[in-house]
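# Reading the structure
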Amino acid sequence: VQLQACGGGLVQAGGSLRLSCAASGRTVSRYPVGWFRQAPGKEREFVAFLSWSDTYRYYGDFVKGRFTISRDNAKNTVYLQMNSLKPEDTAVYFCATRETRYAEATMRQRDYDYWGQGTQVTVSS
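Within every chain, residues take consecutive numbers counted from 1 along the sequence as written. Reporting in this predicted model follows two pLDDT cut-offs: at least 70 for local features of residues, and 80 or more for side-chain atom pairs to be given and counted; totals over whole chains, interfaces and linings ignore these cut-offs and use all residues. With hydrogens and water excluded, all non-hydrogen atoms of the structure serve as input to the side-chain values.

### Quick word on the nonpolar core
Where a protein is soluble and globular, its nonpolar side chains tend to be buried together. Definition used in this section: a nonpolar core is a set of buried Ala, Val, Leu, Ile, Met, Phe, Trp, Tyr and Cys residues joined via side-chain atoms within 4.5 Å. Per-residue accessibility, obtained with a 1.4 Å probe over protein chains only, is compared with the maximum for each type, and a residue is labelled buried under 20%, exposed over 50%, and partly exposed between these values. Core analysis: the largest hydrophobic core is formed by 26 residues, its most contacted members being Trp 35, Val 47, Phe 67, Ile 69, Leu 80, Met 82 and Tyr 93. The helix and strand labels rest on DSSP assignments: H or I over at least four residues marks a helix, E over at least two residues marks a strand, and numbering proceeds from the N terminus. With four residues, the top contributor of residues to this core is strand S3 (residues 17-24). In what follows, a contact means two residues having at least one pair of non-hydrogen atoms within 4.5 Å. Not counting the four nearest positions on each side in its chain, Val 47 is found in contact with Trp 35, Phe 36, Arg 37, Tyr 58, Tyr 59, Gly 60, Phe 62, Val 63, Phe 67, Leu 80 and Tyr 93. In terms of nonpolar packing, the next biggest core, distinct from the first, is built from six residues, Phe 36, Phe 46, Phe 49 and Ala 105 among them.

### Focus: unusual backbone geometry
Notably, Asp 54 is not glycine yet its phi reads approximately 70°, a positive angle. Assignment of secondary structure puts Asp 54 in the loop between strand S5 (45-50) and strand S6 (57-59). You will see that Ser 84, though not glycine, has its phi angle at about 50°, which is positive. Along the chain, Ser 84 falls in the loop between strand S8 (77-82) and strand S9 (91-97).

### Things to note about the sheet that holds strand S7 (residues 67-72)
What makes two strands pair is DSSP finding at least two bridges between them. Here four strands make up an open sheet; going across it, the order is S1-S3-S8-S7 and the pairing antiparallel. Looking at the sheet topology across the chains shown, the edges are occupied by strand S1 (2-6) and S7. Pairwise comparison of adjacent strand axes, ignoring direction, gives a mean angle of 15° for this sheet. Across five bridges, S1 lies against S3 in antiparallel orientation. Bridge pairing in S3 places Gln 2 opposite Ser 24. Lines fitted to C-alpha atoms define the axes here, with helix axes fitted over just the stretch in contact, and angles between the N-to-C directions of these axes take values from 0 to 180 degrees.

Now the structure itself:
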């Protein structure tokens, strides 16, 4: 399974970006998916996950209604729509998925088996 994340860039505070994570080698349908991020000098942290059934979404506390995770099974792609961006959202964003279909979606990085290469998001003040 290969995950290709893209859509990052430089945006002013208050702006929006939509990150995409295209999967190849396997479908993302019916698998849990997640987004994580790592800011300079900090540990990687949980951003959002989407359950295999698409019925349950969970976000990190810092999101506060600004981000939305979704997927398009026809395009085999997972998205992270980010609105009202803040300078503290600056980080490399990673998408991830689990090995097992119908597995539980979690906040734990160690539960995810496949990772994208990351896409840089920079928010200027």
